[in-house]
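Observations on the three-dimensional arrangement
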Amino acid sequence: MPANRARRSTDTTPPQTGADEKATLRGFLDYLRDALADKVAGVPEPQVRSAGVPSGTNLLGLLKHLTFVERFYFLGEDTGDWRATMRPSAEDTIGGVLADYRRTVERANQVIEACPDLALPAPRPPRPGPAPSMRWVLVHLIEETGRHAGHADILREQIDGSTGR
């Protein structure tokens, strides 16, 4: 157990927008995106890429993976090997992966904002069958990002005792 167990970051609550469906869904997704990025920021090497569980899951890998997930679902970019997206390379840096994630989120948000109706299909690489709706993609990304943000909470607590958002 980390020696600095008492360290706690500030928790915040998800957005209470009272806005339309798209703004509400995007607000929750942005909240979770920020929570994950905050968990990675400030963690030194090599801890940011050290596996905290037997599967090899690590903070930098989670952020890199979610970058690929965002690109796949919102930007229509194909991903050949999903397992590889969880493994940062030796060349990956914290600053570089964070910047790539933030750029990808910015581009994804432009795609979301440009969608006039959440029932319309989201961009995606060529695949058999119909593309999921933008609504489905937003809900799925909230689930995916939230699940990995929870993993990041545990990994960060193991590293330095930090809890909360």
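What counts, and at which threshold
Residues numbered from 1 in each chain as written. Predicted model: local features only at pLDDT ≥ 70, side-chain atom pairs only at ≥ 80, totals over all residues. Heavy atoms only, no water. Helix = DSSP H or I, 4+ residues; strand = E, 2+ residues; numbered from the N terminus. Expected span 1.5 Å × (residues − 1). Salt bridge = Lys/Arg side-chain N within 4 Å of Asp/Glu carboxyl O. Core = buried A, V, L, I, M, F, W, Y, C linked by side-chain atoms within 4.5 Å. Buried < 20%, exposed > 50% of the residue type's maximum accessible area, 1.4 Å probe, protein only.

Counted at 1.5 Å a residue, the expected span for helix α4 (residues 134–160) with its 27 residues is 39 Å, and the 38 Å between its end C-alpha atoms agrees. Phi turns positive, to about 80°, at Gly 161, one or two residues after α4.

Next up on the list: the pattern of salt bridges. Applying the stated criterion across every chain yields a total of 16 salt bridges. The residue Asp 78 makes a salt bridge to Arg 127 at a minimum N-O spacing of 3.0 Å. In this pair, Asp 78 is assigned in the loop between α2 (59–75) and α3 (94–114) and Arg 127 in the loop between α3 and α4, connecting sequence segments 49 residues apart. Close ionic contact of Glu 143 with Arg 147 constitutes a salt bridge, the shortest N to O distance being 3.2 Å. With a gap of four residues between them, Glu 143 and Arg 147 both fall in helix α4, about one helical turn apart. Each member of the salt-bridge network shares a partner with another, and the members are Arg 26, Asp 30, Arg 33, Glu 70 and Glu 113.

On to the nonpolar core. In terms of nonpolar packing, the biggest core is built from 36 residues, with Val 40, Phe 74, Met 134 and Leu 138 touching the most fellow members. Going through the elements one at a time, α1 (21–40), α2, α3 and α4 are the ones with two or more residues in this core. Examining the composition of this core, we find that 10 residues originate from one element, α2, more than from any other.

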